[in-house]
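In case you want the letters, here they are:
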Amino acid sequence: MVKTIGNNLIINHWNGKPYSQRYFDILDKRKTLPIWHQKYDFLQVLNHNQTLILVGETGTGKTTQIPQFILEAIDLETPHPDHKHKKMMIAVTQPRRLTTMSVSRRVAEEMDVTIGEEVGYSIRFEDCSSERTVLKYLTDDMLLREAMTDPLLERYKVIILDEVHERSLATDVLFGVLKEVLKKRPDLKLVVMSAALETHKFRGYFLGAPLFKVPGRLHPVEIFYTHEPERDYLEAAIRTVVQIHTCEPAGDILVFLTGEEEIEDACCKISKEIANLGDQVGPVKVVPLYSTLLPDMQQKIFEPAPPPVKEGAPPGRKIVVSTNIAETWLTIDGIVYVIDPGFVKQKIYNPRIPAEYLAVFPISKASAHQRSGRAGRTQPGKCFRLYTERSFNNDLQPQTYPEIFRSNLANTVLTLKKLGIDDLVHFDFMDPPAPETLLRALEMLTYLGALDDEGTLTKLGEIMSEFPLDPQISKMLVVSPEFNCSNEILSISAMLSVPNCFIWPRDQANKAVDEAKARFGHIHGDHLTLLNVYHAYKQNNEDASWCYDNFVNYRALKSADNVRQQLVHIMARFNLKLCSTDFNGRDSYVNIRKAMLAGYFMQVAHLERTGDYLTVKNNQVVQLHPSNCLDHKPEWVIYNQYDQTSQNYIRTVTDIRGEWLVDIAPHYYDLSNFPQCEAKRVLEKLYQKQEKEKDEARICK
Ligand code: CDP
Ligand code: MG
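Counting restarts for each chain, with residues numbered from 1 along the sequence as it is written. Ligands are numbered from 1 and chains lettered from A, in the order in which they are written. Reporting in this predicted model follows two pLDDT cut-offs: at least 70 for local features of residues, and 80 or more for side-chain atom pairs to be given and counted; totals over whole chains, interfaces and linings ignore these cut-offs and use all residues. Side-chain figures throughout are based on the complete set of non-hydrogen atoms in the structure, without hydrogens or water.

Engineer: Mind showing me how you'd approach the overall build of the protein chain here?
Structural biologist: For the protein chain, the helix and strand inventory stands at 25 helices and 25 strands. We compute the radius of gyration from the C-alpha atoms alone; for a globule the expected value is 2.2 Å times N to the 0.38, where N is the number of residues. Over its C-alpha trace the protein chain gives a radius of gyration of 28 Å, about what one expects of a compact globule, namely 27 Å for 701 residues. Overall size of the protein chain, expressed as C-alpha extent along the three principal axes, is 95 × 75 × 55 Å. Evaluated residue by residue, the protein chain yields a buried proportion of 53% over its 701 residues. For the accessible areas, the method is Shrake-Rupley and the probe is 1.4 Å, while residue cover comes only from the protein chains on display. If you sum the accessible surface of the protein chain, you get close to 32600 Å²; carbon and sulfur atoms cover 51% of it. Secondary structure is summarised from DSSP: a helix means a run of H or I of at least four residues, a strand means a run of E of at least two, and numbering begins at the N terminus for each. Exposed residues in this analysis have more than 50% of their type's maximum accessible area, buried residues have under 20%, and partly exposed residues fall in between, with area computed by a 1.4 Å probe over protein chains only.

Engineer: What is the right way to look at the sheet that holds strand 8 (residues 126-128) in this model?
Structural biologist: Strand pairing in a sheet takes place through backbone hydrogen bonds and is either antiparallel or parallel in direction. Spatially, 8 strands are ordered 8-7-9-6-10-11-3-12 in an open sheet, and the strand pairing comes out mixed. Only two strands of the sheet have a single partner each, and these edge strands are strand 8 and strand 12 (211-214). Sheet twist, expressed as the average angle between the axes of neighbouring strands with direction ignored, equals 20°. In terms of strand pairing, strand 6 (residues 89-94) meets strand 10 (residues 156-161) through 5 bridges, oriented parallel. Pairing of Val 92 across the sheet is with Ile 160, part of strand 10. Any two residues having at least one pair of non-hydrogen atoms within 4.5 Å are treated as being in contact. To obtain an axis, a line is fitted to C-alpha atoms, over the contacting stretch when the element is a helix, and the angle between two such axes runs from 0 to 180 degrees between their N-to-C directions. The strands touched by helix 4 (residues 97-111) are strand 6, strand 7 (119-123), strand 8 and strand 9 (135-139); relative to strand 7, the strand with the most contacts, the crossing angle is about 175°. Each of strand 6, strand 7, strand 9 and strand 10 touches helix 5 (residues 140-149); the most contacted strand, strand 9, lies at about 105° to it. Pairing between strands requires that DSSP locate at least two bridges from one strand to the other.

Engineer: Please clarify how the site of ligand 1 should be interpreted in this entry.
Structural biologist: Near ligand 1 the following residues occur: Leu 33, Glu 57, Thr 58, Gly 59, Thr 60, Gly 61, Lys 62, Thr 63, Thr 64, Ser 102, Arg 106 and Arg 377. Two N or O atoms form a polar contact when they lie within 3.5 Å of each other; inside protein one atom must be a possible hydrogen donor and the other a possible acceptor, and for residues adjacent in sequence the pair counts only when both atoms belong to side chains. Contacts to ligand 1 include Thr 63, whose side-chain N or O atom sits 2.6 Å from an oxygen atom. For ligand 1, an oxygen atom lies 3.1 Å from a polar atom in the side chain of Arg 106. For ligand 1, whose unbound accessible area comes to 530 Å², protein coverage reaches 77%. Looking at the shell around ligand 1, the elements with two or more residues in it are helix 3 (62-73) and helix 4. With 3 residues, the top contributor of residues to the shell around ligand 1 is helix 3. Whether a residue is near a molecule or strand depends on its heavy atoms: it is near if one of them lies within 4 Å of it.

Engineer: Teacher, can you tell me more about the side chain of Asn 553 here?
Structural biologist: Position of Asn 553 among the secondary structure elements: in the loop between helix 21 (544-549) and helix 22 (554-573). Residue Asn 553 is classed as buried on the basis of its relative accessible area of 16%. In this structure the side chain of Asn 553 is engaged in a polar contact, spanning 3.0 Å, whose partner is the backbone nitrogen of Arg 555. Not counting residues up to four positions away in its chain, the partners in contact with Asn 553 are Asn 500, Cys 501 and Ile 503.

These results come straight from atomic positions and should not be treated as a statement about function.
Below is the structure:
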């Protein structure tokens, strides 16, 4: 919406300021996006339908352009009962925090407004929007949270669910929730967007909603398979990079690997091998890409390939080594070669352990297709699949397994209960989760006291649902005032919500790092070590150079501090007292550990005579993860995370006492339904001791 006044000054209708030159530069680029030419048709279809499904290849302009088309076309003002006008908004959901932020920034730039004003974003623990916001990008779980206080989502006129082919847990739940909301709000519109999806299934679910297709502009991509299965995909990937660089014409390379460590390792090896080839080949820029990478490092993937050393010399090349971030939701121009070993690291849930952990799995056919598509964005490309064609045809699943089948649903069930959805069995899931997983979630919430025996949300459960945290952590926060240590539990919860706060610089001797880490180490375990780091950070005035000197991640700490503040607000809303344990007192750390146990009593492991740990009730053999900072092996520990790599590990562990288990969680440690094991015999003795003490107390009285 461009207004021209007087001396041809062009004014941005959103903020009344003249448009910048950058606005016009970007506008020229936007006009070349495939979706640009379908604006009118799209708006027509939207006008005549309440729900619409839009499919288009990555990079066609769905996420950035569609919301702006709608913004220009519809009237966001609605009459309000008190005769004023209320401004409504457009919401666009994303499954990931990183894209939510980056895409909203891009759109703010395209509209030539300041981020946080007309265009904003909202992710867990960070709201960058204001009264003026009309277009809000938010993670899918945040929209679900908004529905908890605004069940009909009345602040929105249009809701766009983006990247739905990822089938993230919150998006799947939103499908069911929004279907109900749409019935009650005929004025609300829903756009479901995706790079690729099972059209038939989606149309069936959304009651025959029309499908709007945006033709992509993909160039042909030639696909190569290996003749024999590769024994070591990492080694094969590196070898293929070197081959392409020596033999193929100019064009950047994108390699898909599974995680940070593997990617950093591959980057080092690729750089070394290519350096060994000397002048025969052109210079390379090898860039890693994964979600926990610092933003300025992430920016590097957009830098151009290095120029040849001299005129006529072999061309330079950019080599991006990425997780599946680069599969659909991040577009890197200039990629001509894709190397796809066929694996992805995914979350998985085993209701029998029960634990959620990351593991490496073969990708789906849909993923393989997306990956190869990355090679044909700017010119014809090549994709090297490091598996056989036979394996592609016979072994790969057609679609990625939806997250709802791979998750612990305790948090989801708590949210649904808070939304007033009690009948989970009849909830309109696109793919209903396994009954065993739902049952486990209900059981866990009942043990935590969030649900009563009828499955109704309790007062405690209501409060817990307000915290955007795992239920165990919410529980320990809510009860922490009873242990006189809510301030400390707040700090620990915040530290558990951010990425690892320790840095292991690759180029430094590990000794210096170990020494730094030892300074913060607490004899009772990792949670208290995290608390020490947080306290030290505050005592050193939140100083970035102090963090640097102590191998502590400044950004993680800063972010923990922000999370903590938000949690304090939630505590205040429910009049939960902020109090500190007396650090001079004998029981200071005992109180903190007991408060943690009140949330974590289902994540306990017992040291067996064999020297292994066994998880309580589920009897899984586990080891303390080597990163722990204990100097001994305690008889009982609580753990934050189960980790299944080459061995089964438990991570972030803290030493607790057996007596506390029978005191704090007797309902869970009810020995009548306890499997036979060493822990049971120890607990029996502890119960006997407790009885004896009670008797003695009675006699004394
Ligand atoms: O959603 P879809 O994959 O269809 O495309 P998009 O995210 O709307 O991106 C369209 C174009 O906008 C990309 O090809 C990029 O040129 C540009 N873009 C960008 O420069 N920075 C972003 N954070 C996102 C998009
Ligand atoms: Mg997109």
